[in-house]
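Here are the chains, one letter per residue:
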Amino acid sequence: MQDRYAMPMQLRCGRHQLDLSYPRVMGILNVTPDSFSDGGRHNALDEAVYRAETMLAEGAAIIDIGGESTRPGASPVPLQEELDRVLPVVERLVSELDALVSLDTSRGEVMREAASRGAGMINDVRSLRWPGALEAAAMSGLPVCVMHMLGEPTDMQLAPHYEMPIEEAVAAFLETRIAECEAAGIRREQLVLDPGFGFGKRVEHNLRLLNRMQPLTDFGLPLLAGMSRKSMIGKVLARPVEERLSGGLALATMAVERGARIVRVHDVGPTVDAVNMTWAVLQEGTDA
Ligand code: 9MG
């Protein structure tokens, strides 16, 4: 029987090679105006660089930069605003920290501009469904994280409903997106799959999806899981957002046990320890 923890996986991320033969942590760097102390754009840029540096020191393998909120109810920002928020950060993280930067965006223009400044990965919660995104991602040659989402952030949490078990709906969606990405010229081995926790899902959908996530490894592609500080933790544990670390560590651990190779989190240091501990256990005794 194939050892499901022994899949060799490498992503070619521009100048970087990302080894996913073991689980890695992606640190979240939001560059929306509410993410920084109110000291103007210049201070915000320095603060973003400092946060990224801290996450890298704590063991993050990837820094995921997002200039637009994807929280439930959030609306898209104008293109120029998104470019102005993210590009200076990409430039500094690449030139000063030699960081592997992922761009959390749905816009082809942003993907193109970020790629030309050295970004190494694209993370699109809309799975390249916006006009021009498939082509831009294909042209960049960068790995792409394709994620399941029902609806749009503006309306996704209004009354999410599925005609089939959530894990089957997610698998069917990802299968279609893989085919469309490949048809557009994106190499299959450059895709990362994400069940999209919290995106058009009720709490019971999220819990079941995590519990039944392991069959998504059958696509033979790396899985990414993002549950850090999300409302599924808040609802189960009745915790406000600033008290969700323990819940998030439990979920990250479970995701790794079920095959995730990237976990996307705010709290990098504690997650690196939790993931490394989990991985050490998984490496022993799976062969007999
Ligand atoms: C941007 N963003 C917010 N949550 C996310 C998640 O769960 N996965 C990915 N890939 N991106 C996310």
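Scroll up to find the structure this text is about.
Residues numbered from 1 in each chain as written. Predicted model: local features only at pLDDT ≥ 70, side-chain atom pairs only at ≥ 80, totals over all residues. Heavy atoms only, no water.

**Student:** Looking at this structure, I do not really get the overall build of the protein chain. What am I missing?
**Tutor:** Looking only at helices and strands, the protein chain features 9 helices and 10 strands. By the compact-globule yardstick of 19 Å for 288 residues, the protein chain fits well, its C-alpha radius of gyration being 18 Å. For the C-alpha atoms alone, the extent of the protein chain along its principal axes is close to 55 × 40 × 40 Å. For the protein chain, buried positions account for 52% of its 288 residues. In the protein chain, 70% of the contacts between residues at least 6 apart in sequence involve partners at least 24 apart. Of the accessible surface of the protein chain, which amounts to about 12,900 Å², a share of 52% is contributed by carbon and sulfur atoms. Seen as two clouds, the 29 positive and the 40 negative side-chain charges of the protein chain have centres 2 Å apart. (Helix = DSSP H or I, 4+ residues; strand = E, 2+ residues; numbered from the N terminus. Rg over C-alpha atoms; globule rule 2.2 N^0.38 Å. Buried < 20%, exposed > 50% of the residue type's maximum accessible area, 1.4 Å probe, protein only. Contact = heavy atoms within 4.5 Å. Areas by Shrake-Rupley, 256 points an atom, 1.4 Å probe, with all protein chains shown as cover. Lys, Arg positive; Asp, Glu negative; His and termini not counted. Charge placed at Lys NZ, Arg CZ, Asp CG, Glu CD.)

**Student:** Is there a simple way to think about the site of the ligand in this case?
**Tutor:** The environment of the ligand is made up of Thr70, Asp104, Asn123, Val125, Cys145, Met147, Asp194, Phe199, Leu224, Gly226, Lys230 and Arg264. The contact in question runs from a nitrogen atom of the ligand to an N or O atom on the side chain of Asn123, over 2.7 Å. Gly226 places a main-chain nitrogen or oxygen 3.1 Å from an oxygen atom of the ligand. Look at the ligand: alone it shows 310 Å² of surface, and the protein chains cover 96% of it. When its residues are assigned to classes, the shell around the ligand shows 5 nonpolar, 3 polar and 4 charged. (Near = heavy atom within 4 Å. Polar contact = N/O pair within 3.5 Å; in protein donor to acceptor, adjacent residues only side chain to side chain. Nonpolar A, V, L, I, M, F, W, Y, C, P; charged D, E, K, R; others polar.)

**Student:** What exactly am I supposed to notice about the packing of helix α3 (residues 108–116) against helix α4 (residues 133–140) here?
**Tutor:** Two measures define how a pair of helices packs: the angle their axes make with one another and the distance between the axes. Running from N to C, α3 and α4 cross one another at 15 degrees; their axes reach a closest spacing of 8 Å. What the angle tells us is that α3 and α4 run roughly parallel. Handedness of the α3/α4 crossing: left-handed. On α4, the residues touching Gly108, Met111, Arg112 and Ala115 of α3 are Ala133, Ala136, Ala137 and Ser140. (Axes fitted to C-alpha atoms, helices over the stretch in contact; angles between N-to-C directions. Parallel < 35°, antiparallel > 145°, perpendicular 65-115°, else oblique. Left-handed = near helix turned anticlockwise from the far one by under 90°.)

**Student:** Quick question: what am I supposed to make of the side chain of Ser102 here?
**Tutor:** With respect to the helices, strands and loops of the structure, Ser102 is situated in strand β5 (residues 101–104). At 2.6 Å, the side chain of Ser102 forms a polar contact with the side chain of Asp64. If we ignore the near neighbours within four places in the chain, the residues touching Ser102 are Met26, Ile62, Ile63, Asp64, Ile65, Met121 and Asn123.

**Student:** Honestly, the pairing of strand β7 (residues 144–147) in this entry has me stumped. Any pointers?
**Tutor:** For a regular strand, side chains alternate in direction, first toward one face of the sheet and then toward the other. Residues Val144 and Val146 point to one face of β7 and Cys145 and Met147 to the other, with burial holding for every one of them. In this structure, strand β6 (residues 121–124) lies alongside β7, joined through 3 bridges in parallel fashion. Paired with Ile122 across the strands is Val144, a residue of β7. Between the parallel elements β6 and β7, the chain passes through α4 in a crossover that is right-handed. For β7 and strand β8 (residues 191–194), the ladder comprises 4 bridges, and the chain directions are parallel. Paired with Val146 across the bridge in β8 is Leu193. Read from β7 through helix α5 (residues 166–183) to β8, the crossover connection turns out right-handed. (Pairing = 2+ DSSP bridges. Right-handed = clockwise from strand over helix to strand, strands pointing away.)

**Student:** So what exactly am I meant to see when it comes to the environment of Phe197 here?
**Tutor:** Here Phe197 shows up in the loop between β8 and α6 (203–211). You can call Phe197 buried: its relative accessible area is 1%. For the pair formed by Phe197 and Glu242, sequence separation is 45 residues and the distance between their alpha carbons is 19 Å. Excluding anything up to four places from it in sequence, Phe197 contacts Asn206, Leu209, Leu210, Met213, Ala225, Gly226, Met227, Lys230 and Met232.

**Student:** What should I look at first to understand the pattern of salt bridges in this one?
**Tutor:** If you walk through the whole model with that rule in mind, you get 22 salt bridges. A salt bridge links Arg51 to Glu47, with the shortest nitrogen-to-oxygen separation between them at 3.4 Å. Of this pair, Arg51 and Glu47 both sit in helix α1 (residues 40–57), separated by 4 residues, roughly a single helical turn. The class of Arg51 is partly exposed, set by a relative accessible area of 33%. Between Glu68 and Arg126 there is a salt bridge, with its nearest N and O atoms 3.7 Å apart. One end of the pair, Glu68, is in the loop between β4 (62–66) and α2 (79–97); the other, Arg126, is in the loop between β6 and α4, with 58 residues separating them in the sequence. For Glu68, a relative accessible area of 8% puts it in the buried group. (Salt bridge = Lys/Arg side-chain N within 4 Å of Asp/Glu carboxyl O.)

Purely spatial values, then, with no claim about function.
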